[in-house]
Amino acid sequence: MLTISEKILSKAGGRSASAGEFVEADVDFAMAHDGTSVLAVKSLREMGITRVFDPTKIIIPFDHIVPANNETAANLQREIREWIREQGIEHHYDLGKGVCHQVLPENGFALPGKLIIGADSHTCTYGAFGAFATGVGATDMAEIFATGKIWLRVPQTIRVTINGTLPRCTSAKDVTLKVVGEIGADGATYQAIEYYGEAIDALSMDGRMTLCNMAIETGAKNAIIPPDEKTHTYLAGRASGEYTLVQADSDAEYVDEYEFDVSDLEPLVARPHSVDNTCVVGSVAGTPIDQVFIGTCTNGRLEDIAAAARMVNDSMFKTRTIVIPASRKILLDAMDAGYIQRLVRAGAMIAPPGCGPCLGAHTGVIGEGEVCLSTANRNFKGRMGKGGLIYLASPETAAASAIRGEITDPREI
Ligand code: SF4
């Protein structure tokens, strides 16, 4: 009678535990990026800890401000590189390798049945592989670096079933915005989401990552898609170790259930300044935009870049457009497929794999009063630059909008 989250946390905690109970769980992998590792290492030192619990289980991707944009960032990154060498951390992905939430899956760390903790809120992405994955603050990460353990309350689980077949010009991002819009920004606070249904089965692993990536935007602790053949196929030749396919019991208890049919789903947009402020793209069509950004840990994957590239021809972009592949591998694959060339010819600027302007620090920060249509996961006030406005949408809607210079329904292109 256990959900997937309950089963994974029971195993990691060494005893059967159901929703509401507390477990002290063994962490399979712990991740911190260039932004949060700085604070985690500082806390670790303040605690007087000189060695991490296991240097093979710690993963440090540099993605947030890469390459370093000023001396402060450069010095902090130098410090972390020194600490990584001193500790013998095996899995350091330095600049250009990609966004943490693409780097971990791509390198086989996002595995079914594992407990993965990241010092980043979108760590929930790895639930696409059937892992229990969630984010913590940097000081909590310091504790994990020291002990390899985390103290967690086992969340209740919401069951979300998504049926139907996605219509033309809609994709995983539209499904995600639908879910966030229906559940609301705090509708799943400290709860797990388990996804089922034919539309979920039909999603690619890229699409499943998009969906799980934004679970945190409903307040959820984590989201999980039960692992299947697609999961196996993705992991073949890249899994970093053995894994177990954990499925829920048929009589598992859910705190709430949602059911959607996406057969008549329209392309959606989240308006400023909250992710659940969703509407069909048609109701904001014609809104002038200053910038389009296609990338991030939500929609910077190969199928996203492919979707945008397929819609464009030479000199088509009326709006300045930044495209950032989520990893070096995606950049190379997109070049091999000719997608990058198409996007550049259309007028896009390609920036190095990483977070880019998503966090408002560099490579495309927007000015006061400017409007950016972004494929990212957050549109909070000031996130991409003070006084800027962010609309969130799919890569298809982003490309269509870049072509027209205003928010555009991709079905019109
Ligand atoms: Fe965070 Fe954006 Fe980077 Fe994703 S791409 S990890 S949301 S800053």
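Refer to the structure printed above.
Everything numeric here is computed off the predicted structure, so don't read it as measured data.

Caption draft 1: Quick peek at the site of the ligand. If you check the shell around the ligand, you find His-64, Val-99, His-101, Asp-120, His-122, Thr-296, Cys-297, Cys-355, Cys-358, Leu-359, Asn-377 and Arg-383 and nothing else. Residue composition of the shell around the ligand, grouped by class: 5 nonpolar, 5 polar and 2 charged.

Caption draft 2: Main features of the nonpolar core. Core analysis: the biggest nonpolar cluster contains 97 residues, and Ile-162, Tyr-195 and Leu-343 have the highest contact counts within it. Counting residues per element, this core draws most heavily on helix α6 (residues 172-183), at 6 residues. With residues up to four places along the chain from it excluded, the contact list for Leu-343 reads Ile-305, Ala-308, Ala-309, Val-312, Phe-317, Val-323 and Ala-348.

Caption draft 3: Examining the sheet that holds strand β8 (residues 156-163) more closely. With parallel pairing, 4 strands are arranged side by side in an open sheet as β10-β9-β8-β11. Strands with a single pairing partner mark the edges of an open sheet, and in this sheet they are β10 (222-224) and β11 (256-261). Strand after strand, the sheet turns through a mean of 20° between neighbouring axes, direction not considered. Taken together, the 6 bridges between β8 and strand β9 (residues 191-196) define a ladder with parallel strand orientation. Paired with Ile-158 across the strands is Ile-193, a residue of β9. Across the sheet, α6 is in contact with β8, β9 and β11; its angle to β11 comes to roughly 135°.

Caption draft 4: Structural view of helix α8 (residues 205-213). Burial runs high along α8: 9 of the 9 residues are buried. Looking at α8, one finds that the buried residues are Met-205, Asp-206, Gly-207, Arg-208, Met-209, Thr-210, Leu-211, Cys-212 and Asn-213.

Caption draft 5: Expanded view of the packing of α6 against α8. Packing of α6 against α8 brings their axes to within 9 Å, and their N-to-C directions diverge by 25°. As the angle between them shows, α6 and α8 are arranged roughly parallel. Between α6 and α8 lies a crossing of right-handed hand. Only Gly-207, Thr-210 and Leu-211 of α8 make contact with α6, whose side of the interface consists of Ala-172, Lys-173, Val-175, Thr-176 and Val-179. Here the contact of α6 with α8 is built from residues that sort into 4 nonpolar, 3 polar and 1 charged.

Caption draft 6: Unusual backbone geometry, seen in detail. A cis amide bond, omega -15°, links Val-66 with the succeeding residue Pro-67. As for its placement among the helices and strands, Pro-67 is situated in the loop between β3 (58-61) and α3 (71-87). In this structure, Cys-169 is a non-glycine residue whose phi angle is positive, near 65°. Checked against the element boundaries, Cys-169 lands in the loop between β8 and α6. Positive phi is not limited to glycine here, since Thr-296 has a value of about 80°. Looking at the element boundaries, Thr-296 is found in helix α10 (residues 296-299). Thr-296 gets classed as buried once you look at its relative accessible area, which sits at 2%.

Caption draft 7: Representation of the sheet that holds strand β4 (residues 91-93) within the structure. Strand order in the open sheet formed by 5 strands is β4-β3-β2-β5-β6, and the pairing between neighbours is parallel. What marks the edges here is a single partner per strand, and that holds for β4 and β6 (132-135). For this sheet, the mean inter-axis angle between neighbouring strands, taken without regard to orientation, is 15°. With 4 bridges joining them, strand β5 (residues 115-118) and β6 adopt parallel strand pairing. Counterpart to Ile-116 in the pairing with β6 is Ala-133. Across the face of the sheet, helix α5 (residues 138-147) comes into contact with β2 (29-31), β3 and β5 while running at roughly 140° to β2.

Conventions used here
Sequence order sets the numbering: in each chain, residues are counted from 1 along the sequence as written. With the structure being a predicted model, the display of local features is reserved for residues of pLDDT at least 70 and the display and counting of side-chain atom pairs for 80 or more, all residues being used for whole-chain, interface and lining totals. Values reported for side chains reflect all heavy atoms of the structure, with hydrogen atoms and water molecules removed beforehand. We call a residue near a molecule or strand as soon as one heavy atom of that residue lies within 4 Å of the molecule or strand. Residues are grouped as follows: Ala, Val, Leu, Ile, Met, Phe, Trp, Tyr, Cys and Pro are nonpolar; Asp, Glu, Lys and Arg are charged; all remaining types, including Gly, are polar. Grouping buried Ala, Val, Leu, Ile, Met, Phe, Trp, Tyr and Cys residues that are joined through side-chain atoms within 4.5 Å yields what is termed a nonpolar core. Per-residue accessibility, obtained with a 1.4 Å probe over protein chains only, is compared with the maximum for each type, and a residue is labelled buried under 20%, exposed over 50%, and partly exposed between these values. The helix and strand labels rest on DSSP assignments: H or I over at least four residues marks a helix, E over at least two residues marks a strand, and numbering proceeds from the N terminus. Contact criterion: two residues are considered in contact whenever any of their non-hydrogen atoms come within 4.5 Å of each other. Paired strands, as defined in this entry, are two strands with at least two bridges between them according to DSSP. In this analysis an axis means a line fitted to C-alpha atoms, helices contributing only their contacting stretch, and an angle means the value between N-to-C directions, from 0 to 180 degrees. Our angle categories are set so that under 35 degrees counts as roughly parallel, over 145 as roughly antiparallel, 65 to 115 as roughly perpendicular, and the remainder as oblique. The crossing is said to be left-handed when, going from far helix to near helix, the turn is anticlockwise and less than a right angle, and right-handed when the turn is clockwise.

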